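In case you want the letters, here they are:
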Amino acid sequence: MYNVALVTDEKCVAKKGCRLCIMYCPEANTLDLNTDRMVAEVIINRCKGCELCMVVCDAAKHMAITMVAVSADGSLMENAGEAAELGQAYSG
Ligand code: SF4
Ligand code: SF4
């Protein structure tokens, strides 16, 4: 099991010009602007789970990115306890 970044669309302020996570993601073509919905979007199968995007988004007080565990079959385990613990580690 590993973690990937997930953007909560309702919290993302990309429509106001924020591109922080997109600028900081070290992986090419992994985190980009979805120009249809005007939110940042993670390409799940390219994300390395480094958490940089979440750190910069949280630092800007947007809190739009969470780390989500991916199970062995590739499905996202949203609200899984393990992902929540990782997020809390950064808030303290
Ligand atoms: S840093 Fe956060 S608010 Fe800004 S574009 Fe990325 S997900 Fe959206
Ligand atoms: S966790 Fe790392 S690799 Fe994944 S989208 Fe965020 S910055 Fe990019």
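Provided above is the structure to which this section pertains.
What counts and how
- Residues numbered from 1 in each chain as written.
- Chains lettered and ligands numbered in written order.
- Predicted model: local features only at pLDDT ≥ 70, side-chain atom pairs only at ≥ 80, totals over all residues.
- Helix = DSSP H or I, 4+ residues; strand = E, 2+ residues; numbered from the N terminus.
- Buried ≥ 20, exposed ≤ 12 C-beta atoms within 10 Å, placed from the backbone.
- Contact = placed C-beta atoms within 7 Å.
- Pairing = 2+ DSSP bridges.
- Axes fitted to C-alpha atoms, helices over the stretch in contact; angles between N-to-C directions.
- Near = placed C-beta within 6 Å.
- Nonpolar A, V, L, I, M, F, W, Y, C, P; charged D, E, K, R; others polar.

Asker: What is the right way to look at the overall build of the chain in this model?
Answerer: Within the chain one finds three helices and five strands. Put simply, the chain runs from its N terminus to its C terminus through helices and strands in the order β-α-β-β-α-β-β-α. Out of the 92 residues belonging to the chain, those deemed buried represent 27%. Once local pairs closer than 6 in sequence are excluded, the contacts in the chain between residues at least 24 apart make up 57%.

Asker: Please explain the sheet that holds strand β1 (residues 2-7) as it appears in this structure.
Answerer: Two modes of strand pairing occur in sheets, parallel and antiparallel, and in both the strands are linked by backbone hydrogen bonds. Pairing within the open sheet is antiparallel, and its three strands lie in the order β1-β4-β5. Every other strand in the sheet has two partners, leaving β1 and β5 (76-77) as the edge strands with one partner each. Of the strand pairs in this sheet, strand β4 (residues 65-70) and β5 are connected by two bridges, and their pairing is antiparallel. Counterpart to A69 in the pairing with β5 is M77. In the packing of helix α2 (residues 52-59) onto the sheet, the strands contacted are β1 and β4, and the crossing angle to β4 comes to about 155°.

Asker: Just checking my understanding: could you explain unusual backbone geometry for this structure?
Answerer: Among all residues except glycine, the phi angle is most often negative; among peptide bonds, the trans geometry is most common. Within the chain, N29 stands out as a residue other than glycine whose phi angle is a positive 55°. Here N29 shows up in the loop between α1 (20-24) and β2 (31-34). A positive phi is found at M63, a non-glycine position, where the angle reads about 50°. Exposure remark for M63: the 15 C-beta atoms within 10 Å place this residue in the partly exposed category.

Asker: It is not clear to me how the environment of D73 should be interpreted in this structure. Could you clarify?
Answerer: Topologically, D73 is positioned in the loop between β4 and β5. Owing to 5 C-beta atoms within 10 Å, D73 belongs among the exposed residues under this scheme. Each C-alpha atom, one on D73 and one on M1, is 9.3 Å from the other, the two residues being 72 residues apart in sequence.

Asker: When you look at the site of ligand 1 in this model, what are you seeing that I'm missing?
Answerer: Taken together, the neighbourhood of ligand 1 is formed by 14 residues, with C12, C18, C21, C57 and H62 sitting nearest. Elements with a contribution of two residues or more to the shell around ligand 1: α1 and α2. A class-by-class count of the residues in the shell around ligand 1 yields twelve nonpolar, one polar and one charged.

Function cannot be read off these values alone, since they describe shape.
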